[in-house]
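For reference, the chains in residue letters:
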Amino acid sequence: MGKNILVTGGAGFIGSHVVERHVKEGNNVIIVDDLSMGSRENIVNSDHVIFYQKSITDYEFMSYLLKKYNFNVIYLLAAIASVADTIKRPYESHQVNQEANLFIMETLRINKLFPERVLFSSSAATYGALPKLPKKEDGAVLPATPYAIDKYATERYILTYAHLYNIPTVAVRFFNVYGPRQNPKSPYSGVLSIVSHCLKQNVKFSLFGDGLQTRDFIYIKDVISALKLAETTDKMIGDVFNVATGSSHTLLDAIADLEMVSGKKLQIKKFEPRIGDIRDSKADISKLKSFGFRPKYTFSEGAKAYWDSL
Ligand code: UD1
C-alpha cells in the first residue's frame, strides 16, 4: 500500500531528493510546489507521485489536502529560500516561510490529525554572524535577516507543537547543501552549483572576497540519510539538529577539488565580499551523531559524484 507523504517544495533541490527516496521505498508522494523556486524537471516521474502546482499560502487548498490524505509523514520544505530575496520582500516571504507553515500545524491540531512525523527545514542562517565555531544547537542564535528570523521562529513554533500538542515534529538546520538538481541559474544559488555550471560552460566565475571564507558543505545524499534518521527515530522528536559534516573547507579548496574532478580550470573574476556574508561556518554535529548519523561523502567524493551527475 505504501504511506502517504506530503512534500511541500517537492519540485525544489532538496525536496526532489526526498520525493525520490520515498518513491523508491514504495510510498505515495504528494508534492505541493508553486514552481517559484523549484522546477518541473525536478518532479520525479512516477505513478506514485501527485503534483499540485499550488502555493502553501493557499489555505483553502492546504486545509482540503491535509484532511483528504491524512498524511503519515509531512516534509515542510517549501520556502522563499534566497536570503537576498527575503530582504527585498520581507512580508511576502514571512507569509510563505512562517505563516503558511503555522497554518499547516494549526490545521493538524484543530482537526486532530497526527502524522507519524512532521519535519521542518530550518537553516544555519539562524546562527547569523556569531563568530563562535563550531555552531551548536544549544548555543546562541542571532537571526539577522527576514529569512533567518522566519526560519528560527518557525522552527520554535514547530517544536512547540510537539511539546504542547503531541504532534511529533523535528527541525533540522541545513548548512551548505550541494548536489544534483541545485539550480545554478540564480546569483543566489548555492556557490558550488554556480562553480560547476561555470566549469561546464567555460564561463567566468565571480568570486566574492578572497576565497578563504569557509563553509560546512554537505552532499545531498548525506542530507537525505540525516532526514531519514529524523523521520524514523522517535527520540529525536521535539528537537532541532544541525545537518552538516562537522568539517569545513575554504571556497578555494572546494573549487580546487571541482577543478580536479572536472579536469578543467576555473576562470575567476574577483569582487568585493558580499554584504552580510558570513566569514566562517562549521557545525557541531555531535547531536545528530549520537543517533548514528555518519556523513558518507568526503568533500572530494561528493564533488566527484556531483560532477559525474551533470
Ligand atoms: C547559505 C545558504 C543560505 C543559508 C546560509 C546559512 C545557499 C544558496 N545559501 O548561504 O540559505 O542561510 O548558508 O549559513 O545555500 N559566492 C561567490 N560567488 C558566487 C556565489 C557565492 O563567491 O557566485 C560566495 C559567497 O559570497 C559566500 C560563499 O560563496 O561567501 C557561499 O555562498 P552561498 O553558496 O550563497 O552560501 P551562504 O552564503 O553560505
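Structure: above.
Residue positions are given per chain, counted from 1 along the sequence in the order it is written. Totals for whole chains, interfaces and linings use all residues, but because this is a predicted model, local features are given only for residues with pLDDT of at least 70 and pairs of side-chain atoms are given and counted only at 80 or more.

As for the site of the ligand
Part 1 of the argument: For the ligand, the set of nearby residues contains 21 residues, the closest of which are Ala-124, Ala-125, Gly-190, Val-191 and Phe-208.
Part 2 of the argument: For the shell around the ligand, the secondary-structure elements that each account for two or more residues are helix H6 (191-201) and strand S8 (205-208).
Part 3 of the argument: Helix and strand labels come from DSSP, where a helix needs a run of H or I of at least four residues and a strand needs a run of E of at least two; each type is numbered from the N terminus. Among the elements that line the shell around the ligand, the one with the most residues is S8, at 3 residues.
Part 4 of the argument: Residues that form the shell around the ligand fall into these classes: 10 nonpolar, 8 polar and 3 charged. Near, as applied to residues and a molecule or strand, means the residue's backbone-placed C-beta atom lies within 6 Å of it. Three classes are used: nonpolar for Ala, Val, Leu, Ile, Met, Phe, Trp, Tyr, Cys and Pro, charged for Asp, Glu, Lys and Arg, and polar for all others, with Gly counted as polar.

Remarks on unusual backbone geometry
Part 1 of the argument: For the peptide bond that leads from Leu-133 to Pro-134, omega is -10°, which places it in the cis range.
Part 2 of the argument: Along the chain, Pro-134 falls in the loop between strand S5 (117-123) and helix H5 (146-165).
Part 3 of the argument: We note that Leu-35 has phi near 60°; this positive angle belongs to a residue other than glycine.
Part 4 of the argument: Within the element layout of this structure, Leu-35 appears in the loop between strand S2 (28-32) and strand S3 (49-52).

A look at the packing of helix H1 (residues 13-24) against helix H7 (residues 220-232)
Part 1 of the argument: Their axes nearest at 10 Å, the elements H1 and H7 cross at an angle of 60°. On the basis of the axis angle, H1 is oblique to H7. As H1 runs across H7, the sense of the crossing is right-handed. Between H1 and H7, the residues in contact are Ile-14, His-17, Val-18 and Arg-21 and Ile-220, Val-223, Ile-224 and Leu-227, respectively. Fitting a line to C-alpha atoms yields each axis, with helices limited to the stretch in contact; the angle taken between N-to-C directions then spans 0 to 180 degrees. Angle categories are assigned with fixed cut-offs, so that under 35 degrees is roughly parallel, over 145 is roughly antiparallel, 65 to 115 is roughly perpendicular, and the rest are oblique. A crossing counts as left-handed when the near helix is turned anticlockwise from the far one by less than a right angle, and as right-handed when that turn is clockwise. What counts as a contact here is a pair of residues whose C-beta atoms, placed from the backbone, lie within 7 Å.

A short note on the pairing of S2
Each regular strand displays side chains that alternate between the two surfaces of the sheet.
Part 1 of the argument: Every C-beta atom is placed from the backbone, and the number of other C-beta atoms within 10 Å of a residue's own sets its class: buried at 20 or more, exposed at 12 or fewer, partly exposed in between. Of all 5 residues in S2, 4 are buried, a share of seventy percent or more.
Part 2 of the argument: Relative to S2, strand S1 (residues 4-8) runs parallel, the two sharing 5 bridges. In the sheet register, Thr-8 faces S2, and the bridge partner there is Val-32.
Part 3 of the argument: Judged from the 4 bridges that link them, S2 and S3 form a sheet pairing that is parallel. Bridging across to S3, Val-32 finds its partner in Tyr-52. DSSP calls a pair of strands paired once it identifies at least 2 bridges connecting them.

Concerning the sheet that holds strand S11 (residues 240-243)
Part 1 of the argument: Pairing in this open sheet of 7 strands is parallel, and the strands run S3-S2-S1-S4-S5-S6-S11 from one edge to the other. Strands with a single pairing partner mark the edges of an open sheet, and in this sheet they are S3 and S11. Ignoring which end each strand starts from, the neighbouring axes of this sheet average 20° apart.

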